[in-house]
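Report on the structure
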Amino acid sequence: MKILVTGGAGFIGSHVADGYLGAGHDVVIADNLLSGNIDNVPADARLHLVDIAAPEFDLVVATERPDVVSHHAAQMSVTVSARDPGLDARINCGGLLNVLQSCVRHGVGRFVMISSGGAIYGDVPQRPTSEDVAPQPLSPYAIHKLTGERYLEFYRQEFGLSSITLRYGNVYGPRQDQHGEAGVVAIFVGKLLRGESPTIFAYPDQPAGMSRDYVYVADAVRANLRATESDATGAFNIAGGTPVRTGDLFRAVQAACGTNVTPAAGPARPGDLKENWLDVSRAEHLLGWRPEVSLPDGIARTVAHFRERQSAATAPA
Ligand SMILES: NC(=O)c1ccc[n+]([C@@H]2O[C@H](COP(=O)([O-])OP(=O)(O)OC[C@H]3O[C@@H](n4cnc5c(N)ncnc54)[C@H](O)[C@@H]3O)[C@@H](O)[C@H]2O)c1
């Protein structure tokens, strides 16, 4: 099949593109490098440098005629969305609609939408949280991801566009941005390997930090392959299925890095959830997917990747 991965120069999208290529598919990428990196683009994939919200995006779909669109392009930081909700809406709603219109116009057969189980549910009391719990989004990012899911349902009913939504927990692994405002594993690893002290953001009544549900990027890739092959529809949580406090995550990363640094403490940022723990049983029953990489193993692989990159960057030419 020919698969168009939007956001394929980014952290997760580039791994998904690798996964599709490995499964024998033809892969095309659309990305404007807002937060992506051209070095992430697999050599065997064709890259179109284009904004998903721009009229020119339609030309990519018109000429490439993909069978499947995997929609990873997004503004992906909750903090940025709280600071600039208009920017988030332009990319995460306007861009999505532009992509969906092209899919309908040019007969795309299947649409895989990426949403956020780590954001859209808000601080609901039901934990682990299943897809049946009504989301209570607390940030513009979460509001726009949920709106995107609802548009997808409209396009399915109105135009017959077959679609599925993957609601990721906190995805981590090689290539994640170490200098961004999201992606705590990469940020911790980056700072510890540079000998700096990371900050643990916390609410006053939770000194050990908020809880998050981490999933290693290779597991997210497998979920994408399953979602593409199946005809299942609706939303699926894709996460590790275990809540981990930021303080405990810090200790695990510190052990893997072999450092002994005291972290700084900072206040929770606007839109930060207190707790996140996702029920992944729907994905297990309907997609035959469950997470396989344990947190210590995933952290060890991530640290090894960043160490290797660091020594390549400092090696004499
Ligand atoms: N990282 C996580 O833990 C996580 C959790 C839940 C959901 N997600 C979602 O997964 C997807 C990928 O996230 P990521 O962590 O890989 O982030 P990322 O920033 O590495 O990737 C996003 C990619 O989209 C591209 N992009 C942004 N705006 C664009 C535009 N207007 N036109 C074309 N390309 C554009 C960026 O250049 C980048 O390559 C996003 O939809 C994000 O919301 C991520």
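Residues numbered from 1 in each chain as written. Predicted model: local features only at pLDDT ≥ 70, side-chain atom pairs only at ≥ 80, totals over all residues. Heavy atoms only, no water.

What follows deals with the layout of surface pockets. Size it by volume and the second largest pocket reaches roughly 170 Å³. Together, Leu146, Glu149, Arg150, Leu152, Glu153, Ser163, Ile164, Thr165, Arg167, Thr233, Gly234 and Ala235 line the second largest pocket. Taken together, the elements giving at least two residues each to the lining of the second largest pocket come down to α5 (140–159) and β6 (162–168). It is α5 that contributes the most residues to the lining of the second largest pocket, five residues altogether. (1 Å grid on protein atoms, 1.4 Å probe; cavity = no way out; pocket = protein on both sides within 12 Å on 5 of 7 lines; lining within 4 Å. Points joined across faces, edges and corners; volume = space filled by probe spheres on them. Helix = DSSP H or I, 4+ residues; strand = E, 2+ residues; numbered from the N terminus.)

Our next topic: the pairing of β6. Along any regular strand, the residues point their side chains to alternate faces of the sheet. Of all seven residues that make up β6, six are buried, and the element is covered over most of its length. Where strand β5 (residues 110–116) meets β6, seven bridges bridge the pair, whose relative direction is parallel. Its bridge partner lying in β6, serine 115 is registered against arginine 167. Taken together, β5, α5 and β6 constitute a β-α-β crossover, and its handedness is right-handed. Here β6 pairs with strand β11 (residues 235–238) via four bridges, running parallel. Considered in β11, the bridge of leucine 166 is made with phenylalanine 236. (Buried < 20%, exposed > 50% of the residue type's maximum accessible area, 1.4 Å probe, protein only. Pairing = 2+ DSSP bridges. Right-handed = clockwise from strand over helix to strand, strands pointing away.)

This part is about the domain arrangement of the chain. The assigned domain composition of the chain is domain 1 (2–171 + 216–238) and domain 2 (172–212 + 242–276 + 293–314). Distance from the C-alpha centre of domain 1 to the C-alpha centre of domain 2: 25 Å. Contacts between domain 1 and domain 2 engage 25 residues on the former and 19 residues on the latter. Between domain 1 and domain 2, a total of about 2,000 Å² is buried, with carbon and sulfur atoms accounting for 52% of that surface. Aspartate 18 serves as the salt-bridge partner of arginine 175, at 2.9 Å between the closest nitrogen and oxygen. Taken together, the connections running from domain 1 to domain 2 amount to nine residue pairs in polar contact (both at pLDDT 80 or more). Mapped onto the side of domain 1 that touches domain 2, the elements with two or more residues apiece are α1 (11–22), α3 (78–83), β7 (170–172) and α7 (217–229). Residue classes in the side of domain 1 that touches domain 2 are distributed as 10 nonpolar, 10 polar and five charged. (Domains from an automatic or database assignment. Contact = heavy atoms within 4.5 Å. Buried area = accessible area lost by both parts, 1.4 Å probe. Salt bridge = Lys/Arg side-chain N within 4 Å of Asp/Glu carboxyl O. Polar contact = N/O pair within 3.5 Å; in protein donor to acceptor, adjacent residues only side chain to side chain. Nonpolar A, V, L, I, M, F, W, Y, C, P; charged D, E, K, R; others polar.)

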